[in-house]
Structures are given as structure tokens and as C-alpha cells.
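Reading the structure
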Amino acid sequence: MAGNITTWDELTDEGKRAILEGDPDYKKIAKERKTTIAILTQQKDWYDNQPAYTGKGTVVGKDLGGTDPSLFTMESEQLTYIDAITEIIDGIIENHNNQKSKDKTTNVTFHLIDDGKNKKLLVEEDSGGIEQKKLDSVVKLGSSGWGGLYGVGVFGIGLKKGLRKIAKKHHLFTWHESDPEPCEMEFSPEFWDNAGEMKISSTTCQSPIMKNKKGSTIIHFRNLVEYDGQKLEFNDPFVKQIAMYYHQWISSVDGTLNISFKQGDFPPIPLPIIDLFSENKIKKEFTYHPGYEPRKFSLKMNGTPRKVKGVMTPSEIEIIMTFGLTKVTPDTELAGVYVYGNDRFFHGPDRSAKWGFGLKTDWGKSGIPKYHSTTNRFRVKFDIYSEN
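Definitions and limits used
Residues numbered from 1 in each chain as written. Predicted model: local features only at pLDDT ≥ 70, side-chain atom pairs only at ≥ 80, totals over all residues. Heavy atoms only, no water. Axes fitted to C-alpha atoms, helices over the stretch in contact; angles between N-to-C directions. Helix = DSSP H or I, 4+ residues; strand = E, 2+ residues; numbered from the N terminus. Parallel < 35°, antiparallel > 145°, perpendicular 65-115°, else oblique. Left-handed = near helix turned anticlockwise from the far one by under 90°. Contact = heavy atoms within 4.5 Å. Nonpolar A, V, L, I, M, F, W, Y, C, P; charged D, E, K, R; others polar. Polar contact = N/O pair within 3.5 Å; in protein donor to acceptor, adjacent residues only side chain to side chain. Phe/Tyr/Trp six-rings, centres within 6.5 Å; stacked < 30°, edge-to-face > 60°. Buried < 20%, exposed > 50% of the residue type's maximum accessible area, 1.4 Å probe, protein only. Lys NZ or Arg CZ within 6 Å of the ring centre and 35° of its normal.

1. Quick word on the packing of helix H5 (residues 81-97) against helix H7 (residues 158-166)
For any two helices packed against each other, one specifies the crossing angle of their axes together with the interaxial distance. Viewed as axis vectors pointing N to C, H5 and H7 meet at an angle of 135 degrees, and their least axial separation amounts to 8 Å. The angle between the axes of H5 and H7 places the two elements in the oblique class. In this structure, H5 meets H7 at a crossing whose hand is left-handed. Each of Tyr81, Ala84, Ile85, Glu87 and Ile88 in H5 lies in contact with H7, whose residues at this interface are Gly158, Leu159, Gly162, Lys165 and Ile166. Here the contact of H5 with H7 is built from residues that sort into six nonpolar, two polar and two charged.

Now the structure itself:
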């Protein structure tokens with residue numbers, strides 16, 4: 001009879017939840033279901049502390065989504081995992097920034113959970129929740145309602161690409177502080193196969209766990225997609241790469257943001273501070289040798305007007321270039337050109353020939369020396385600011 005018992009990997013999610021109800025005998029279950037105690041305890045924690053999607057609540061939004069899905073799947077799958085995670089974080093920081101409160105603290109957790117042959121990703125944050133009337137923008141390609149228009153979450157497709165890169169099934173639970181009750185949505189594999197064309201509904205959330213989650217958003221990622229040569233792992237190198245994107249932006253917004261990454265039952269890794277260009281950093285680590293002092297230039301210009309709330313609005317752009325040499329040769333990988341948009345890091349460090357790296361063979365020609373210690377000390381930052 002024991003030989004006919006369904007293994008843990010073969011069970012449905014409902015079957016696993018039923019087995020782990022109450023006070024389970026982990027050792028016995030692990031042996032019978034051919035799994036590990038570590039996997040069982042992670043799943044137990046998930047079932048006990050996360051809302052369960054039902055889709056049976058009152059409909060609060062219907063026919064959400066729908067737009068041209070042009071190349072959406074291809075573009076999503078071409079993202080790196082770093083890109084996908086930063087697209088999600090961008091929206092959270094935007095939402096936090098919209099609170100305009102120095103007392104606001106937002107906690108963000110990314111938790112990669114082992115479930116045998118499958119993995120799940122949990123994202124939980126309390127930046128304020130998403131308004132029910134704006135849930136359509138979470139579904140529709142080319143629409144943005146989660147963030148404001150100041151920062152980087154403007155085009156409305158980044159979040160969707162980040163979700164689709166990582167998985168093909170999602171449950172989203174949210175409760176905005178202005179709404180009377182929490183709601184939930186499901187992004188099914190069918191939805192992603194028809195992204196931009198298929199429409200879905202949002203319903204009130206009946207899970208008692210959401211009753212104390214006002215101001216929060218929770219996203220469950222299931223059916224994680226595997227890619228050749230890529231692996232989603234929350235380790236120190238991965239988290240440090242993420243951190244490069246956010247020091248300047250987080251430092252510029254009101255309140256406090258705490259972001260952490262956890263894999264399995266390992267301790268969480270908090271997002272570290274990686275400061276490359278703050279005024280204090282430049283004063284402390286850049287050389288002020290006569291003729292080589294850090295320098296800054298700025299340019300203001302008008303960009304192409306764009307429609308904001310139905311009105312064509314001028315686009316004012318400011319570009320600030322800061323550059324200099326560090327006092328001593330740092331980690332060579334930190335030299336190069338960095339590009340920031342509205343305080344969020346986008347590109348770099350770039351040491352390619354298009355910026356002049358390696359083009360100078362002597363001191364009489366333009367460019368950056370190819371064979372000189374200053375090459376590995378030269379650091380440039382472009383800050384591009386535009387409200388619209």
C-alpha cells in the first residue's frame with residue numbers, strides 16, 4: 001500500500017495544504033512522500049501565513065487589461081533576473097514615495113521557497129497597497145497606475161515583464177488604505193499566453209490572513225520558468241547587484257525602505273548600501289590633486305512634449321555630469337561611466353570605446369588612456385532628471 005502513496009512532488013497544492021494542516025508529523029510525511037523536512041516546514045510556513053486565492057469573492061473590477069501584446073513574451077524572457085526583480089522594486093518605491101511621509105516605513109521581502117522539484121517566490125510589501133480603481137493598470141500593457149509620474153515606473157509594462165520573466169502563474173493580494181476591503185487577482189498561464197488580449201477580474205479577498213494586511217500587497221509566483229544558463233538565486237552577489245540600482249534613489253525619498261531577500265530557510269540578506277557617488281563619497285575617496293579635482297557640469301533642455309492627464313505637457317530635462325579620479329586604484333570593476341534616471345541607476349559601469357575608454361595611446365590625443373593607472377580610477381556619472 002505504501003508503494004502507492006503519491007510523492008510530494010506529485011501532489012496538488014490543495015493536497016499539500018491538507019496534509020500540513022494542524023500539527024503535522026514532518027518526519028513521517030517526509031519519509032512517506034519522498035521529500036525533506038526542510039521543504040515541508042517551508043510549505044507549512046507558507047500555508048499558515050499567506051492568503052489563499054479563491055476567486056470567489058465579490059467582483060470589484062471586471063474586464064481588466066487588454067492592449068496590443070506586441071512582442072511582450074519575447075521581451076519579457078530576454079530580461080535578466082536582475083532586470084525582473086528591479087522592475088518589481090521600482091513600483092514599490094514609487095508607491096512608497098507617493099505617501100510623501102517622513103514617518104513612513106516600508107518593508108519589502110522577497111522569499112524564494114523550495115517545494116521539491118518546484119520553487120515558489122513570495123513578494124510581500126507594505127508600501128500602501130494598490131487602489132481597486134487602479135488594478136486595471138496592473139493588468140493592462142502600457143498603463144501605469146501603481147506608481148506616480150515622477151520616478152521611473154511610468155510606462156506600465158515593466159512590472160508585467162518582471163512578473164512574466166519569473167513565472168507563468170501569479171496570485172496578487174492587495175489592500176489600499178482607501179478601500180473598504182482587500183481584493184485578489186489571478187494571472188493564469190492562459191493569461192500570460194494571451195497577454196494584452198485576455199481580460200480578467202478582481203474580487204474581494206476572503207482569506208482571514210489579509211484582514212490585518214491593510215496597506216500591503218502580496219504576490220505569489222508559481223510555475224517558475226526555467227531558462228538555459230540562468231538560475232534565480234538570492235545569494236550575496238545577486239543582492240549586491242540589486243543594491244547598485246537603489247542607493248541614490250532610496251536616499252532621495254522620504255521615509256525608510258527596508259528590502260531583504262531570503263532563500264529557503266537561510267537567513268534573510270538585507271539590501272546593502274552601495275554608495276558610488278554621494279557628495280560624502282566624492283569628498284572622502286576622490287583625489288583633489290591640483291588639476292584633477294572632481295568636476296561637475298550641467299545642461300538644461302526641453303524634451304518632446306507628452307500627454308499628461310490629457311494635456312500636452314512640456315518635458316524639461318536636466319543632465320548633470322560628475323566625474324573624477326579615485327585616490328587609489330579601487331576594484332577595477334567599479335571604474336567607468338554610470339547613467340542614472342531620476343536618481344535610479346540604469347546603466348554601467350561602462351568601459352567601452354563609445355565613452356573613450358582605451359582610445360588614448362598618449363597624452364596628446366583625446367580619450368581615456370588604455371595603459372595607465374588612471375583608467376582604473378576614472379569614474380563618471382550622468383544624472384538625467386525629467387518630471388514628465
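Still more to cover.
2. A word on the side chain of His170
Mapped onto the secondary structure, His170 falls in strand S4 (residues 167-174). At 3.0 Å, the side chain of His170 and the backbone oxygen of Leu163 are in polar contact. Every residue in contact with His170, bar those within four places of it in the chain, is listed here: Leu163, Arg164, Met185, Glu186, Phe187, Trp192, Ile219, His220 and Phe221.

3. Concerning the packing of aromatic side chains
Tallying each qualifying case throughout the model produces 16 aromatic pairs. Aromatic side chains Phe187 and Trp192 sit 5.7 Å apart centroid to centroid with 20 degrees between the ring planes, which places their arrangement in the stacked category. On the basis of relative accessible area, Trp192 is assigned to the buried category, the value being 1%. Aromatic pair Phe277 and Tyr338: ring centres 5.2 Å apart, planes at 75 degrees, arrangement edge-to-face. With Phe277 in the loop between strand S9 (269-270) and helix H11 (279-285) and Tyr338 in strand S12 (residues 336-341), the pair connects residues that are 61 residues apart, well separated along the chain. Assigned by exposure class, Phe277 and Tyr338 land together as buried. Between Arg344 and the ring centre of Phe346, over which it is positioned, the NZ or CZ distance is 4.6 Å. For the cation-ring pair, Lys381 lies above Tyr340, with the distance from its terminal atom to the ring centre recorded as 5.3 Å.

4. A short note on helix H9 (residues 236-244)
The set of residues buried in H9 consists of Phe238, Val239, Ile242, Ala243 and Met244. Contacts from the buried residues of H9 go to H5, helix H10 (247-252), strand S8 (256-263), S9, S12 and strand S13 (344-350). Two to three positions downstream of the cap, the backbone nitrogen of Phe238 sits 3.0 Å from a side-chain oxygen, assigning the N-cap of H9 to Asn235.

5. A short note on the packing of H5 against H9
Relative to each other, H5 and H9 sit at 50 degrees, their axes nearing to 10 Å. Of the possible angle classes, the one that applies to H5 and H9 is oblique. In the packing of H5 onto H9, the handedness of the crossing is right-handed. Residues Tyr81, Ile82, Ile85, Thr86 and Ile89 of H5 pack against Phe238, Gln241 and Ile242 of H9. Looking at side-chain class alone, the contact of H5 with H9 contains six nonpolar, two polar and no charged residues.

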